[in-house]
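Listed below, chain by chain, are the residues.
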Amino acid sequence: FFSLNEKFIVEATFIRTKKEKPFGMKTTTSRTPLYKKYGELHFEIDGKALKLNVYQNVDLNKKPGYEDYLFLPFSDLTCGKESYIGGRYVDMRIQKGKIWTIDFNKAYNPYCAYNYEYSCPIVPLENDLDIEILAGVKKFHD
């Protein structure tokens with residue numbers, strides 16, 4: 001793990017996107033689970049304006065207890081160096097209001113980082129950050 005770093009607990013402006021159609025998110029296998037873009041999170045780190053799309057898994061959303069569950073996949077400049085080459089994930093829940101908190105210290109590797117037989121969502125290109133997120137789980141092995 002990277003050391004806990006409060007710089008990577010950020011306040012983001014949440015913008016709910018309307019009329020998003022479900023799409024099959026690419027994975028490391030032929031599986032394409034249905035996701036829907038739920039909204040956008042706009043924030044700054046080190047004065048740099050950044051944006052991530054946050055997604056909702058269509059099937060998981062129907063299960064009791066997961067109605068407010070959101071998926072935030074991202075990649076950054078640590079990928080392939082200090083962190084897993086395929087990016088990392090942050091699990092979130094729907095938050096109230098327009099200002100949401102993202103805690104990158106909770107970023108974790110997809111299961112495929114540990115075993116290639118798992119089918120893991122591939123981070124969408126629009127969620128590639130042009131900075132280093134030195135928080136959360138590091139690479140499992142070299």
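So, here is what we can say about the structure in this document. (Residues numbered from 1 in each chain as written. Predicted model: local features only at pLDDT ≥ 70, side-chain atom pairs only at ≥ 80, totals over all residues. Heavy atoms only, no water.)

Quick notes on unusual backbone geometry
- Residue Lys-19 is not a glycine yet carries a positive backbone phi of 55 degrees.
- Tracing the chain through its elements places Lys-19 in the loop between strand E1 (9-16) and strand E2 (23-24).
- Backbone geometry at Asp-46 places phi at a positive 55 degrees, although glycine is not the residue there.
- On the basis of relative accessibility, which here comes to 65%, the residue Asp-46 falls in the exposed class. (Helix = DSSP H or I, 4+ residues; strand = E, 2+ residues; numbered from the N terminus. Buried < 20%, exposed > 50% of the residue type's maximum accessible area, 1.4 Å probe, protein only.)

Section: the pairing of E1
- Where E1 and strand E7 (residues 99-103) come together, five bridges link them in antiparallel fashion. Considered in E7, the bridge of Glu-11 is made with Thr-101.
- Bridge analysis of E1 against strand E3 (residues 34-45) gives four bridges, and the strand direction is antiparallel. Its bridge partner lying in E3, Phe-14 is registered against Leu-41. (Pairing = 2+ DSSP bridges.)

Quick look at the pattern of salt bridges
- Tallied over the entire structure, the rule returns seven salt bridges.
- The partner of Asp-59 in a salt bridge is Lys-62, with the nearest N and O atoms 4.0 Å apart.
- On the basis of relative accessibility, which here comes to 48%, the residue Asp-59 falls in the partly exposed class.
- In this structure Lys-62 comes out as exposed when scored by relative accessible area, which is 62%.
- Through salt bridges with shared partners, a single network forms among Lys-37, Glu-40 and Lys-51. (Salt bridge = Lys/Arg side-chain N within 4 Å of Asp/Glu carboxyl O.)

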